[in-house]
There are 2 protein chains.
Amino acid sequence: MTTIPISPSAMGDPAGDLSECCGPTPGAPKLQSESATVLATKFKALGDANRLMLLATIASGESAEACVCDLTGPLNLGQPTVSHHLKILVDAGFLTREKRGTWSYYSVVPGALSALCADLCSESVLGDLMRTPDPAERNA
Amino acid sequence: MTTIPISPSAMGDPAGDLSECCGPTPGAPKLQSESATVLATKFKALGDANRLMLLATIASGESAEACVCDLTGPLNLGQPTVSHHLKILVDAGFLTREKRGTWSYYSVVPGALSALCADLCSESVLGDLMRTPDPAERNA
DNA sequence: CTTCTACATTGACATACGTCGATGTAGTAA
DNA sequence: TTACTACATCGACGTATGTCAATGTAGAAG
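From a predicted model like this one, the values you see are computed outputs, not experimental measurements.

Can you help me understand the overall build of chain A in this one?
Helix and strand counts for chain A come out as 5 helices and 3 strands. Across chain A, helices and strands are ordered from the amino to the carboxyl terminus as α-α-β-α-α-β-β-α. In chain A, which comprises 140 residues, the share counted as buried stands at 39%. The long-range fraction of contacts in chain A, counting pairs at least 24 apart against all pairs at least 6 apart in sequence, stands at 50%.

Have a look at this one:
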């Protein structure tokens, strides 16, 4: 690796007066990269229109469960593709799989999405993004 | 295109007794693909650890704004990469850009994330996934 | 046993994504 | 003007992602 980060606070600026760009100097990111990776994985699982429709379709059932053959038709996707997306949603914690006989029934994990929102609210500084229901509050 | 969807309800099953797989028959997905695409775009913008840390870093400033040179150092990313991620976050509606002099100051859009969660709650059937105690008292 | 069904997994492909170096574009300062 | 700074954009590269045809696996029915 020959990547040398720019490191603005370590550049020997010839004149100390014009380097006023960085004022408060946030420094190291408050959100640890480990937590960010976990969060990003969940968001990435939701970052596909077909997966969102899979979630919606499964949740639309009265028992909030569906097998694969229920999902290939409405989404107009092949069976391997649906299985792939379902696996991603299961790995992300949004769905659970239960085999009954020959069929695999997928059901939604009740608090998964709200927990994700709660994580977004509580994850250190990102919580500041969540308050202020209307954009007319923070004058400070 | 030679893709022929399996169409479970249209398969001529030789015996009508073992095709009990599809019970409630969710049918067409309740979440329209248009809304799903918009939602997926926003989730996709959040589906990267570096972009989440960019959001957190910007929000950590007392004025909730930062210029690019503030962000290349802490995230250990090149300046073009940071600009690219910031553009994605701006396009998704999570950040705004304001040019003051030579610098571009990025600030968070106050209600963007909570609006995304609200969309998740209200988007047709996906709201059933959210009915857990905490974060929103969304009355009808 | 064999055969069928429902689903998972594999392999392959095209596309999208993340990253960086190089270059372009404003703005500031002399 | 020239020179420098902060940032955006372009081009390229490697990798990840979405999709499907083909194949594998496990249960049910005969």
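That covers the picture; the talk isn't over yet.
For this particular structure, what's the right way to read the sheet that holds strand β2 (residues 95-100) of chain A?
As a general point, the strands of a sheet are linked pairwise by backbone hydrogen bonds and lie either parallel or antiparallel. Residue and element names in this part refer to chain A. Read from one edge of the open sheet, 3 strands run β1-β3-β2, paired in antiparallel fashion. In the strand order of this sheet, the two ends are held by β1 (65-67) and β2, each with one partner. Between one strand and the next, the sheet's axes are offset by a mean angle of 30°, whatever the strand orientation. Inspection of the sheet shows β2 paired to strand β3 (residues 103-108) by 6 bridges, in the antiparallel sense.

What should I look at first to understand the protein's contact with DNA strand D in this one?
Around DNA strand D, a shell composed of 26 residues is seen, among which N50, T81 and H85 of chain A together with S83 and Y106 of chain B lie nearest. Close to the protein, within 4 Å, the atoms of DNA strand D are drawn from sugar and phosphate at a rate of 74%. Within the backbone of G78 of chain A, a nitrogen or oxygen atom sits 3.0 Å from a phosphate oxygen of DNA strand D. Counting residues per element, the surface near DNA strand D draws most heavily on helix α4 (residues 79-91) of chain A, at 5 residues. Looking at the surface near DNA strand D residue by residue, the classes come out as 9 nonpolar, 12 polar and 5 charged.

How should the protein's contact with DNA strand C be read in this particular structure?
Around DNA strand C, the structure places 24 residues, and the nearest of them are S83, W103 and Y106 of chain A together with N50 and H85 of chain B. Near-protein atoms of DNA strand C (within 4 Å) split between backbone and bases, with sugar and phosphate holding 73%. Between DNA strand C and C69 of chain A there is a distance of 2.9 Å, counted from a phosphate oxygen to a backbone nitrogen or oxygen. At 3.0 Å, a backbone N or O of G78 of chain B approaches a phosphate oxygen of DNA strand C. For the surface near DNA strand C, the secondary structure elements donating two or more residues are α3 (68-75), α4 and β3 of chain A together with α2 (49-60) and α4 (79-91) of chain B. Along the lines of polarity and charge, the residues of the surface near DNA strand C split into 9 nonpolar, 11 polar and 4 charged.

Would you mind showing me how to read the nonpolar core here?
A general feature of soluble globular proteins is that nonpolar side chains tend to end up buried together. Within the largest apolar cluster, 61 residues are counted, with the highest numbers of intra-cluster contacts made by L86 and F94 of chain A together with L86 and F94 of chain B. With residues near it in sequence (within four places) discarded, F94 of chain B still touches K42, A45, L46, L55, L89, S107, V108, V109, A112, L113 and L116 of chain B.

Would you take a moment to explain the environment of T57 of chain A for this structure?
Along the chain, the position of T57 of chain A falls in helix α2 (residues 49-60). Spatially, the C-alpha atoms of T57 of chain A and D70 of chain A are 8.9 Å apart, while their sequence positions differ by 13 residues.

What should I look at first to understand α3 of chain A in this one?
Residue pairs three or four apart in sequence face the same way in an α-helix, which turns once every 3.6 residues. The complete set of buried residues in α3 of chain A reads V68, D70, L71, T72 and L75 of chain A. Downstream of α3 of chain A by a residue or two, N76 of chain A has a phi angle that is positive, lying close to 60°.

Teacher, can you tell me more about the packing of aromatic side chains here?
Taken as a whole, this structure holds 1 aromatic pair over all chains when the rule is applied. Over the ring of Y105 of chain A we find R100 of chain A, and its NZ or CZ is 4.1 Å from the ring centre.

Just to check I follow, could you spell out the packing of helix α1 (residues 33-46) of chain A against α2 of chain B for this structure?
Geometrically, a packed helix pair is captured by the angle between its two axes and the distance between the axes. Interhelical geometry of α1 of chain A versus α2 of chain B gives an angle of 115° and a closest axis separation of 8 Å. With respect to the hand of their crossing, α1 of chain A and α2 of chain B are arranged in right-handed fashion. Facing S33, A36, T37, L39, A40 and F43 of chain A of α1 of chain A, the residues of α2 of chain B in contact are A49, L52 and M53 of chain B.

What is the right way to read the pairing of strand β3 (residues 103-108) of chain B from this model?
On any regular strand, side chains alternate: one points to one face of the sheet, the next to the other face. All names here are of chain B. Within β3, 5 of the 6 residues are buried, which leaves the element mostly enclosed by the surrounding structure. For strand β1 (residues 65-67) and β3, the ladder comprises 3 bridges, and the chain directions are antiparallel. Looking at the pairing, E65 lines up with S107 of β3. Hairpin connection from strand β2 (residues 95-100) to β3: 2 residues lie between these consecutive antiparallel strands, with G101 at a positive phi of about 65°.

Quick notes on the rules
- Residues numbered from 1 in each chain as written.
- Chains lettered and ligands numbered in written order.
- Predicted model: local features only at pLDDT ≥ 70, side-chain atom pairs only at ≥ 80, totals over all residues.
- Heavy atoms only, no water.
- Helix = DSSP H or I, 4+ residues; strand = E, 2+ residues; numbered from the N terminus.
- Buried < 20%, exposed > 50% of the residue type's maximum accessible area, 1.4 Å probe, protein only.
- Contact = heavy atoms within 4.5 Å.
- Pairing = 2+ DSSP bridges.
- Axes fitted to C-alpha atoms, helices over the stretch in contact; angles between N-to-C directions.
- Near = heavy atom within 4 Å.
- Polar contact = N/O pair within 3.5 Å; in protein donor to acceptor, adjacent residues only side chain to side chain.
- Nonpolar A, V, L, I, M, F, W, Y, C, P; charged D, E, K, R; others polar.
- Core = buried A, V, L, I, M, F, W, Y, C linked by side-chain atoms within 4.5 Å.
- Phe/Tyr/Trp six-rings, centres within 6.5 Å; stacked < 30°, edge-to-face > 60°.
- Lys NZ or Arg CZ within 6 Å of the ring centre and 35° of its normal.
- Left-handed = near helix turned anticlockwise from the far one by under 90°.

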